[in-house]
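Here is how the chains run, residue by residue.
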Amino acid sequence: MPAPSSSSSPTTSSAVAATAPDPSPTQGSGSGSRPGSGLGPVALVISAGISVQFGAALAVMIMPRAGAAGVVTLRLAAAAIVLLLLCRPKMRGHSRSDWGTVLAFGVAMAGMNGLFYQSIDRIPLGPAVTLEVLGPLALSVIVSRRLVNVLWAGLALGGVVLLSGHGGGGLGFGSLDPLGAAYALGAGAMWALYIVFSARTGRRFPQADGLALAMAVAAVISLPLGIAEAGSDLLVPSTLALGLGVAVLSSVLPYTLELLALRRMPAPTFAILMSLEPAIAATAGFLVLHQAMSALDALAIALVIAASMGAVRSQIRRKAA
């Protein structure tokens, strides 16, 4: 599942273009990094993506124990506790508008995670992330208002049309559960809102304080749903341990790796690498969950990745011009 994107990025276009199921809580600090950095930061970003998607695969494995809503609750609660302990955000000195922004950020985060986990409970991980990526890509097109990005969006749409033939079922999403596909698209829409409020929160709160507070809001929102679905199963020690593993793989570890990478890599380059998430997700789904992928599925995912990379690169060129 997507890791939360930067809560402190001053570069809206980079944040909008990023297609990571989850950028760093201090992504903005990397926007002024020196451009040359070799393979080190690239390896860190790819490792973070692998951690996020294998965390999502682990979440799928424990859904029979706690359900999709239960897993979301475990992940958000564990991540919130870790971030609050690390960041120790100040509660005073913020305006009502600041708290409104954090609240909106937390709602978007809860919606993004909740819908995504409902999706991967029904459809394979690779197609789910591919459909989810359309949210940030659509936001990128809307913000840029450039013809070339409309063309990139058309390429992504072509990938979705191919993906809709998953299993040979035509435009009804084939063997993909229609509800699962709808959840993935909904998660993408919430991801786009998440990016907008992530940037706004970063302008109002120092460091990753806003992210920690928003994560706490998301955890509180998800808690009733998780309890309603899983009840006392959430307190089973083995389930708690696996939920902590999901939180570490999907949140804590990727945040750390991305933070290190963004100190040595420009934010636009980071955004381009984030476009590889659907491919990483498909690989994790195959290796961990044994989710087979047809040649048509692979082509569909490749088209969406190419469209996402193209949209990011066109924004980079526009800023450089």
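That block above? That's the structure.
Residues numbered from 1 in each chain as written. Predicted model: local features only at pLDDT ≥ 70, side-chain atom pairs only at ≥ 80, totals over all residues. Heavy atoms only, no water.

### Here we look at the side chain of serine 251
Among the structural elements, serine 251 can be located in helix H8 (residues 237–262). Looking at serine 251, its side chain comes within polar contact range of the side chain of arginine 75, at 3.0 Å. Discounting residues that sit within four places of it in the chain, serine 251 has contacts with Arg75, Ala79 and Val246. (Helix = DSSP H or I, 4+ residues; strand = E, 2+ residues; numbered from the N terminus. Polar contact = N/O pair within 3.5 Å; in protein donor to acceptor, adjacent residues only side chain to side chain. Contact = heavy atoms within 4.5 Å.)

### Considering the layout of surface pockets
In this structure, the second largest pocket encloses a volume near 200 Å³. Considering the residues around the second largest pocket, the lining is formed by Thr73, Leu74, Ala77, Ala78, Ile81, Leu223, Leu234, Leu235, Leu240, Gly243 and Leu244. Those elements that place two or more of their residues in the lining of the second largest pocket are helix H2 (39–87) and H8. Looking at the lining of the second largest pocket, the element that brings in the most residues is H2, giving 5 residues. By residue class, the composition of the lining of the second largest pocket is 9 nonpolar, 2 polar and no charged. (1 Å grid on protein atoms, 1.4 Å probe; cavity = no way out; pocket = protein on both sides within 12 Å on 5 of 7 lines; lining within 4 Å. Points joined across faces, edges and corners; volume = space filled by probe spheres on them. Nonpolar A, V, L, I, M, F, W, Y, C, P; charged D, E, K, R; others polar.)

### What to know about helix H10 (residues 277–289)
The periodicity of an α-helix, 3.6 residues per turn, causes residues three or four positions apart to be oriented the same way. Taking 1.5 Å of rise per residue, the 13 residues of H10 would be expected to cover 18 Å, and the 17 Å separating its terminal C-alpha atoms lies within 8% of that figure. Turning to H10, its buried residues number three or more, namely Glu277, Pro278, Ile280, Ala281, Ala282, Ala284, Gly285 and Leu289. Phi for histidine 290, located one or two positions after H10, is positive at around 60 degrees. (Expected span 1.5 Å × (residues − 1). Buried < 20%, exposed > 50% of the residue type's maximum accessible area, 1.4 Å probe, protein only.)

### A short note on the packing of aromatic side chains
Using the criterion set out here, one finds 3 aromatic pairs in the structure. Summarising the aromatic geometry, the rings of phenylalanine 116 and tyrosine 117 are spaced 6.1 Å apart at their centres and angled 75 degrees between planes, so their arrangement reads as edge-to-face. The buried category is assigned to tyrosine 117, whose relative accessible area is 0%. Just above the ring of phenylalanine 197 sits the side chain of arginine 200; from NZ or CZ to the centre is 5.3 Å. (Phe/Tyr/Trp six-rings, centres within 6.5 Å; stacked < 30°, edge-to-face > 60°. Lys NZ or Arg CZ within 6 Å of the ring centre and 35° of its normal.)

### What about a nonpolar patch on the surface?
There is a patch of nonpolar side chains on the surface, built from Leu103, Val107 and Ile221 and spanning about 230 Å² of accessible area. Turning to its location among the elements, leucine 103 is positioned in helix H3 (residues 96–120). (Patch = residues over 30% accessible without salt bridge, like charges linked within 9 Å, V, L, I, M, F, W, Y side chains within 5 Å. Areas by Shrake-Rupley, 256 points an atom, 1.4 Å probe, with all protein chains shown as cover. Salt bridge = Lys/Arg side-chain N within 4 Å of Asp/Glu carboxyl O.)

### Some remarks on the packing of H3 against helix H7 (residues 209–230)
How two helices sit against one another is set out by the angle between their axes and by the gap between those axes. Contact geometry of H3 with H7 gives a least axis separation of 7 Å together with a crossing angle of 45 degrees. By the angle between their directions, the pair H3 and H7 is classed as oblique. Crossing angle aside, the handedness with which H3 passes H7 is right-handed. Here Trp99, Val102, Leu103, Phe105, Gly106, Val107, Met109, Ala110 and Gln118 of H3 lie close against H7, whose contacting residues are Gly210, Leu211, Leu213, Ala214, Met215, Val217, Ala218, Ile221 and Glu229. Among the residues making up the contact of H3 with H7, the classes are represented as 14 nonpolar, 3 polar and 1 charged. (Axes fitted to C-alpha atoms, helices over the stretch in contact; angles between N-to-C directions. Parallel < 35°, antiparallel > 145°, perpendicular 65-115°, else oblique. Left-handed = near helix turned anticlockwise from the far one by under 90°.)

### Concerning the nonpolar core
Membership of the largest hydrophobic core comes to 64 residues, with the highest contact counts inside it found for Met109, Phe116, Tyr117, Ile120, Leu125, Tyr194 and Met215. If you look at the next biggest cluster of nonpolar residues, it comprises 9 residues, including Leu257, Ala261, Met265 and Met274. (Core = buried A, V, L, I, M, F, W, Y, C linked by side-chain atoms within 4.5 Å.)

### Focus on H7
Taking 1.5 Å per residue as the helical rise, H7 with its 22 residues ought to reach 32 Å, and the 30 Å between its terminal C-alpha atoms agrees with that figure. Most pronounced at serine 222, the bend in H7 amounts to some 35 degrees, and the proline proline 224 follows within four residues. Phi turns positive, to about 60 degrees, at glycine 231, one or two residues after H7. (Bend = angle between axes of the 7 residues up to and from the residue.)

### Structural notes on the packing of H3 against helix H6 (residues 178–204)
Two numbers describe how H3 lies on H6: the axes approach to 7 Å, and their chain directions differ by 155 degrees. The angle between H3 and H6 places the two elements in the roughly antiparallel class. When the axes of H3 and H6 are compared, the crossing they make is left-handed. Of the residues contributing to the contact of H3 with H6, the split by class is 17 nonpolar, 9 polar and 3 charged.

### A few points about unusual backbone geometry
Within the chain, arginine 88 stands out as a residue other than glycine whose phi angle is a positive 45 degrees. Looking at where arginine 88 falls in the secondary structure, it is placed in the loop between H2 and H3. Relative accessible area serves as the criterion here: at 68%, arginine 88 is assigned to the exposed category. We note that histidine 290 has phi near 60 degrees; this positive angle belongs to a residue other than glycine. Mapped onto the elements, histidine 290 comes out in the loop between H10 and helix H11 (295–320).

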